[in-house]
Amino acid sequence: MKKSLPLAALAAVLAATGCGEVTQAEPGPGDTFNYPTGIGVAEGKLLVASSNFDLRYDDVTGGSLISVDPEAGDALRGSLNIRSFAGELAVADAAACGLPSTLALVPIRGSNRLYRVPVAADGSLSCTDCDIGISSSLFVDPFTIAVACAPGVARAYVGFLRSSLAQAWVTEVDLGQDPPVLRHRVFGDGRARDFAWDAVRQRIWIVGAGGISAPLRWVDVSGGCEFGPTVAGETADPALACRGGAASSALLPTGLELRSLAFANDGSGRAYVTARRYDPAAGATLGVGAADLGGVLLVVDLVEGIDGVVRIVPLRSMEIGTGAAKVRVLPARSGGRRDVVVALAAGEGVLWIYDDETGDRVHFGRDAITGEPAVGHSAFGLAVDPVPLPGNVGRVYVGSFLDSFVTPVDVPLDDPSAASIPQAGGGHRRITGGTP
């Protein structure tokens, strides 16, 4: 049985190039997941990018992108081989982005490529010259990705695991042009750990760029504003062609390293943030290398003053455990009620479900007897279906890197406390790939 990795070890795993001693020539499987890192939902289908981390299969064709239909017995709807060491996965919806087809976007660390894979309405996948190079001598290993779509805006934003000067480089990919136009910018030190798109204000938010001192930055891309061209030798925080800045975190407690951000459905500026706690004294010496003392889920308001400064105003803080990872918001509820939010504490292997209307929360953790995590060992990857299931049920998917499966979690939007993992074969349902 595959064992769980501590979060620090998992981070080292993802930053490495793999541990296989011999690279095989066989393509990766097209019907089962293999060390998945990226998950998403498109056209009602679950998309999973497998990394071939252990290099059991061929380097060039050992990874995979698989589409399965969870409402049809996890039937296989599409599959194609991609390069090994996939990163996260983002979906550019055709209608929302004004594109000819919905795209699954997968960055590939190591080979520094970005796949743009069309996804048909039936979930089938196609790829003809669908990958492009996305790196430079200054930054490599693309991993984090998100999509920003609005009238006249269809872009992806990519963050990198490594750079020559430990700087937070971000690449903007203009999906509305063929071939896509790439624009690169550096946002201080650190690295982009997550992105969040504020569709109401047409701002892309960057989590982690600027390190501990300025962990949350934003760029206004309204009116077709674009990242300016990269200039060799530019300073750590150059002037942008787009208006932007660093949100003031002065009101946040010290000793928090922000990890992920998601906006409320109502467009009010309310947001949900996960953060890792560390010892500020140790952090002054070690920086982000300070020990993980636990994680929190924050409810905040992002308030822009007349001076143009956006301030992070904390409203509520909840402990979630070590390895604070992604946070995502479920589809909007009726009656003007506040959102249902899911947050992942990867170090603990716990999925939290929080009701911002009542303040209640429930979680799926480890079995009290066996110690097995309900959502799998080394939980990695969190996705939400944007369309509720019949009965007004939100569907959440959690990936397990080491177990190579995805766990579906059903969350009734009218009663999140009744959230459950569907049962199959006498145990929790695990999606491992698909059947023809």
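Please read all numbers here as calculations on a predicted model, not as lab measurements. (Residues numbered from 1 in each chain as written. Predicted model: local features only at pLDDT ≥ 70, side-chain atom pairs only at ≥ 80, totals over all residues. Heavy atoms only, no water.)

1. Side note on the overall build of the chain
In step 1: Scanning the chain for helices and strands turns up 3 helices and 28 strands.
In step 2: For the chain, with 436 residues in total, the buried portion stands at 56%.
In step 3: Once local pairs closer than 6 in sequence are excluded, the contacts in the chain between residues at least 24 apart make up 52%.
In step 4: On the chain, roughly 16,900 Å² of surface is accessible, and the fraction owed to carbon and sulfur atoms is 53%. (Helix = DSSP H or I, 4+ residues; strand = E, 2+ residues; numbered from the N terminus. Buried < 20%, exposed > 50% of the residue type's maximum accessible area, 1.4 Å probe, protein only. Contact = heavy atoms within 4.5 Å. Areas by Shrake-Rupley, 256 points an atom, 1.4 Å probe, with all protein chains shown as cover.)

2. Describing the sheet that holds strand β11 (residues 167-174)
In step 1: The strand order across the open sheet built from 7 strands is β9-β10-β11-β12-β13-β14-β15, with neighbouring strands paired in antiparallel fashion. The strands lining the two open edges of the sheet, one partner per strand, are β9 (139-150) and β15 (244-246). Strand-to-strand twist across the sheet, computed as the mean angle between neighbouring axes with direction ignored, equals 35°.
In step 2: Across 5 bridges, the pairing between strand β13 (residues 203-209) and strand β14 (residues 216-220) is antiparallel. When the bridges of β14 are listed, Trp205 appears paired with Trp218. (Pairing = 2+ DSSP bridges. Axes fitted to C-alpha atoms, helices over the stretch in contact; angles between N-to-C directions.)

3. Looking at the side chain of Asn112
In step 1: Structurally, Asn112 can be placed in the loop between β6 (102-108) and β7 (113-119).
In step 2: Of the residues examined, Asn112 reaches a relative accessible area of 13% and is grouped as buried.
In step 3: From its side chain, Asn112 meets the backbone nitrogen of Asp141 in a polar contact 2.8 Å long.
In step 4: Every residue in contact with Asn112, bar those within four places of it in the chain, is listed here: Ile132, Gly133, Ile134, Ser135, Val140, Asp141 and Pro142. (Polar contact = N/O pair within 3.5 Å; in protein donor to acceptor, adjacent residues only side chain to side chain.)

4. A short note on the state of the cysteines
Here, disulfide denotes a covalent bond that connects the sulfur atoms of two cysteines.
In step 1: Per the stated rule, a full pass over the model turns up 2 disulfides.
In step 2: Each sulfur in the disulfide pair Cys127 and Cys130 lies 1.9 Å from the other. Handedness of the Cys127-Cys130 disulfide follows from its S-S torsion of about -75°: it is left-handed.
In step 3: For Cys127, a relative accessible area of 36% gives the class partly exposed.
In step 4: For Cys130, a relative accessible area of 3% translates into the label buried. (Disulfide = S-S within 2.5 Å.)

5. Examining the packing of aromatic side chains
In step 1: One pass over the structure, following the stated rule, counts 9 aromatic pairs.
In step 2: Linked through ring pairs, Tyr35, Phe53 and Phe401 together constitute an aromatic cluster.
In step 3: One residue, Arg203, lies across the ring of Trp218, its end atom 4.1 Å from the ring centre.
In step 4: The side chain of Arg361 reaches across the aromatic face of Trp352, ending 4.5 Å from its centre. (Phe/Tyr/Trp six-rings, centres within 6.5 Å; stacked < 30°, edge-to-face > 60°. Lys NZ or Arg CZ within 6 Å of the ring centre and 35° of its normal.)

6. Describing the side chain of Ser67
In step 1: Topologically, Ser67 is positioned in strand β3 (residues 63-69).
In step 2: At 2.9 Å, the side chain of Ser67 and the backbone oxygen of Gly123 are in polar contact.

7. Looking at the confidence of the model for the chain
In step 1: Looking at the chain, pLDDT values average 88 and 88% of them are 70 or higher.
In step 2: Every residue in residues 17-21 scores below 50 in pLDDT, and together they form 9 contacts with partners more than four places removed in sequence or on other chains. (pLDDT = per-residue confidence, 0-100.)

8. Here's the deal with the sheet that holds β3
In step 1: Ordered in space as β1-β2-β3-β4, the 4 strands form an open sheet in which the pairing is antiparallel. Looking at the sheet topology across the chains shown, the edges are occupied by β1 (36-42) and β4 (75-82). Pairwise comparison of adjacent strand axes, ignoring direction, gives a mean angle of 15° for this sheet.
In step 2: As paired strands, β1 and strand β2 (residues 45-50) are joined by 6 bridges and run antiparallel to one another. Bridging across to β2, Val41 finds its partner in Leu46.

9. Notes on the pattern of salt bridges
In step 1: Scanning the entire structure with this criterion turns up 25 salt bridges.
In step 2: Here Arg155 makes a salt bridge to Glu172, at a shortest N to O gap of 3.3 Å. Pair noted here: Arg155 is in strand β10 (residues 153-163) and Glu172 is in strand β11, with a separation of 17 residues, a long-range link. One exposure class covers both Arg155 and Glu172, and it is buried.
In step 3: Here Arg183 makes a salt bridge to Asp174, at a shortest N to O gap of 3.5 Å. In terms of burial, Arg183 and Asp174 fall into one category: buried.
In step 4: Taken together, the shared-partner salt bridges in this structure form one network comprising Glu88, Asp194, Lys326 and Arg328. (Salt bridge = Lys/Arg side-chain N within 4 Å of Asp/Glu carboxyl O.)

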